[in-house]
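Each chain is listed here by its residues.
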Amino acid sequence: MSHPNSRAYPRERLVATRRAGLVEAARILDVAEERLFELGLPYAAAPLGGLEFEQTLEAVEAIVTKVRARSLFVA
């Protein structure tokens, strides 16, 4: 929720900046970019309960099961 209504950092730029940070963190951790999954949740406003929360958990569970993950990093 940083930079609200900023002309220098509109939403699209913030999304791109955060995505670049995710890719860089993965590179540092030696995680291939194709092993990254994004749920598209709003920054600083992820659901904390209710149906949307349950759907988010189901999406994470499906990814973890699909790739047989042994580790999970959430940002």
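Notes on the structure in this doc start here.

Right, let's get into unusual backbone geometry. For D30, which is not glycine, the phi torsion reads 60 degrees and is therefore positive. Along the chain, the position of D30 falls in the loop between α1 (11-28) and α2 (50-67). The class of D30 is exposed, set by a relative accessible area of 72%. At R68, a position not held by glycine, the phi torsion is positive, near 55 degrees. With respect to the helices, strands and loops of the structure, R68 is situated in the segment after α2. Note on R68: relative accessible area 72%, which makes it exposed.

The final tally for this structure, using the stated rule, is three salt bridges. Of the charged contacts, one joins R19 and E33 as a salt bridge, the two residues approaching to 3.2 Å between their closest N and O atoms. With R19 in helix α1 and E33 in the loop between α1 and α2, the pair connects residues that are 14 residues apart, well separated along the chain. Judged by relative accessible area, which is 29%, R19 ranks as partly exposed.

Reading guide: rules and limits
- Residues numbered from 1 in each chain as written.
- Predicted model: local features only at pLDDT ≥ 70, side-chain atom pairs only at ≥ 80, totals over all residues.
- Heavy atoms only, no water.
- Helix = DSSP H or I, 4+ residues; strand = E, 2+ residues; numbered from the N terminus.
- Buried < 20%, exposed > 50% of the residue type's maximum accessible area, 1.4 Å probe, protein only.
- Salt bridge = Lys/Arg side-chain N within 4 Å of Asp/Glu carboxyl O.

The analysis is restricted to geometry; functional conclusions fall outside its scope.
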